Amino acid sequence: MNGFGYLRPGSVQEAAEAYAAHPGARYLAGGTNLVDLMKLGVERPALLIDIGRLPLDALEELPDGSLRVGATVRNSDLAADPRVRDRWPALSQALLSGASAQLRNAATTGGNLLQRTRCPYFQDVDKPCNKREPGTGCAARAGVHRDHAVLGHSEQCIATHPSDMAVALAALDARVELYGTEGTRSMPVADFHRLPGEHPDRDTWIRPGELITGVLLPAATARVPSAYRKARDRASYAFALASVAVALRVTDGIVDQVGIAFGGLAHRPWRARHTELALLGGPAGPDAFEGAVALELAHAEPLRDNAYKVSLARNLALDVLNRLAPAPAPA
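Read on for a plain summary of the structure. Computed from a predicted model, the values in this text were never measured in an experiment. (Residues numbered from 1 in each chain as written. Predicted model: local features only at pLDDT ≥ 70, side-chain atom pairs only at ≥ 80, totals over all residues. Heavy atoms only, no water.)

1. A closer look at the overall build of the chain
The secondary structure content of the chain amounts to 14 helices and twelve strands. The globule rule puts the C-alpha radius of gyration for 331 residues at 20 Å, and the 20 Å found for the chain is close to it. Here the chain holds 331 residues, and 53% of them are scored as buried. Residue pairs at least 24 apart in sequence account for 63% of intrachain contacts in the chain once pairs closer than 6 positions are excluded. When the 36 positive and 36 negative side-chain charges of the chain are each reduced to one mean point, those points stand 4 Å apart. (Helix = DSSP H or I, 4+ residues; strand = E, 2+ residues; numbered from the N terminus. Rg over C-alpha atoms; globule rule 2.2 N^0.38 Å. Buried < 20%, exposed > 50% of the residue type's maximum accessible area, 1.4 Å probe, protein only. Contact = heavy atoms within 4.5 Å. Lys, Arg positive; Asp, Glu negative; His and termini not counted. Charge placed at Lys NZ, Arg CZ, Asp CG, Glu CD.)

Take a look at the structure:
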């Protein structure tokens, strides 16, 4: 591990200013991803800014029924919170399907959103990787890419985003709140992560020096029936081959609210807008669900070894949609 500086700021403002003033700085909270990447030589920060003791660890219920989740709220605490389990169950399910209990006790909300891909070529500094070192190439394209992207990838990068939590947040219309030297702003979690394009080294739309301060779970999706399902190689502590989060409300047989996001298929949580548009305002049922999901997955471009992901994602989505839809009234 290379030498680095260490700073424990006393405020969010001090943290953002220090980050902006030190190129190559990194924020440290739980460290469950960053420290691993430092050990591998993938990350070589000049300065670690420890935000773990800043007052960003609260779960705050707002008057409109939304819930603000502080950036350093631990994944285990968020998953276990009764309000989350009752009102946004897909989020709790997604968190509990990720990592191990020990890691969930350390990992934070902001860190989960900012975790980097688990592509083995990205993690191996002896292999070319445009995400790690732009312009060197993508070893995964000709190498082993069974776990890689089928949607939204580019010639530059075929890596997938590893978060379970972010997939649920995207489907639930959550927003990420940011603070930087230019002030505060928020944006939908579904838009926070980038597709690789020509710049796969840029994972998100976060601006230089900005700090995630929290995530807002909106009242509009509270208590809308939701669920998360994940397929993986083993039942514990494995990243998704494919996953899906669905929020679905059906009234008198008609879909009047729907949010769907896939995980494990793309460089970011993939919001299934084509499926949602096809379902909204129409009848709920197996035939409608199958046709709508097919519209989304028709845009997939599988590689040599990962075409299985398309049918896997389809089956996961149909299973969750059919489970959430109320049974039709008897004739």
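2. As for the sheet that holds strand 2 (residues 25–28)
Overall, parallel pairing links the three strands, which are arranged 1-3-2 in an open sheet. Every interior strand has two partners, whereas the edge strands, strand 1 (5–7) and strand 2, have only one. In this sheet, neighbouring strand axes are inclined to one another by 25 degrees on average, regardless of whether the strands run parallel or antiparallel. Pairing between strand 1 and strand 3 (residues 47–50): three bridges, direction parallel. When the bridges of strand 3 are listed, Tyr-6 appears paired with Leu-48. Where helix 1 (residues 12–21) meets the sheet, its contacts fall on strand 1, strand 2 and strand 3, and the angle it forms with strand 2 comes to roughly 150 degrees. (Pairing = 2+ DSSP bridges. Axes fitted to C-alpha atoms, helices over the stretch in contact; angles between N-to-C directions.)

3. Let's talk about the pattern of salt bridges
The full count for this structure, using the stated rule, is 25 salt bridges. Among the salt bridges present, the one from Asp-305 reaches Arg-304, with a minimum N-O distance of 2.6 Å. Judged by its relative accessible area of 33%, Asp-305 falls in the partly exposed class. One salt-bridge network, held together by shared partners, links Arg-26, Glu-43, Arg-116, Lys-131 and Asp-203. (Salt bridge = Lys/Arg side-chain N within 4 Å of Asp/Glu carboxyl O.)

4. A look at unusual backbone geometry
Phi is positive for Ala-99, close to 55 degrees, though the residue is something other than glycine. Of note, Ala-99 is situated in the loop between helix 5 (89–96) and helix 6 (101–104). One non-glycine residue, Arg-223, lies in positive phi territory at about 65 degrees. With respect to the element layout, Arg-223 can be found in the loop between strand 8 (211–217) and strand 9 (226–231). Taking the relative accessible area as the measure of exposure, Arg-223 reaches 55% and is therefore exposed.

5. Some thoughts on the side chain of Lys-309
In this structure, Lys-309 sits in helix 14 (residues 308–324). An unpaired buried charge is present at Lys-309: no salt bridge exists, and Asp-147, the closest side chain of opposite charge, is 5.7 Å distant. A polar contact of 3.2 Å, which involves the side chain of Lys-309, links it to the backbone oxygen of Leu-241. In this structure, Lys-309 is in contact with Arg-146, Asp-147, His-148, Val-150, Thr-160, Leu-241, Gly-264 and Leu-265, ignoring residues within four places of it in sequence. (Polar contact = N/O pair within 3.5 Å; in protein donor to acceptor, adjacent residues only side chain to side chain.)

6. Brief notes about the nonpolar core
Burial of nonpolar side chains together is a common tendency in soluble globular proteins. Membership of the largest hydrophobic core comes to 49 residues, with the highest contact counts inside it found for Ile-49, Leu-78, Leu-91, Leu-113, Leu-169, Val-176 and Leu-217. What Ile-49 contacts, discounting residues up to four positions off in sequence, is Leu-7, Pro-9, Ala-15, Ala-18, Tyr-19, Ala-25, Arg-26, Tyr-27 and Leu-28. Counting 31 residues, the second largest nonpolar core, distinct from the first, contains Val-250, Ile-260, Trp-270 and Leu-297. (Core = buried A, V, L, I, M, F, W, Y, C linked by side-chain atoms within 4.5 Å.)

7. Here's the deal with the packing of aromatic side chains
Here the structure, examined in full by the defined rule, presents one aromatic pair. For the cation-ring pair, Arg-194 lies above Trp-205, with the distance from its terminal atom to the ring centre recorded as 4.1 Å. (Phe/Tyr/Trp six-rings, centres within 6.5 Å; stacked < 30°, edge-to-face > 60°. Lys NZ or Arg CZ within 6 Å of the ring centre and 35° of its normal.)

8. What about the side chain of Ser-66?
Along the chain, the position of Ser-66 falls in the loop between strand 4 (59–61) and strand 5 (67–70). Since its relative accessible area comes to 2%, Ser-66 is described here as buried. Excluding anything up to four places from it in sequence, Ser-66 contacts Glu-60, Glu-61, Leu-216, Leu-217, Pro-218 and Ala-219.

9. Details of the packing of helix 13 (residues 286–297) against helix 14
Close contact between helix 13 and helix 14 brings their axes to 10 Å; oriented N to C, the two are set at 145 degrees. As helix 13 runs across helix 14, the sense of the crossing is right-handed. Packed against helix 13, whose contacting residues are Pro-286, Phe-289, Glu-290, Val-293 and Leu-297, the element helix 14 presents Val-310, Ala-313, Arg-314, Ala-317, Leu-318, Leu-321 and Asn-322 at the interface. Its residues assigned to classes, the contact of helix 13 with helix 14 shows nine nonpolar, one polar and two charged. (Left-handed = near helix turned anticlockwise from the far one by under 90°. Nonpolar A, V, L, I, M, F, W, Y, C, P; charged D, E, K, R; others polar.)

10. Notes on helix 5
Burial of helix 5 is extensive: six of the eight residues sit out of reach of the surface. All of the buried residues along helix 5 are Pro-89, Ala-90, Leu-91, Ser-92, Ala-94 and Leu-95.

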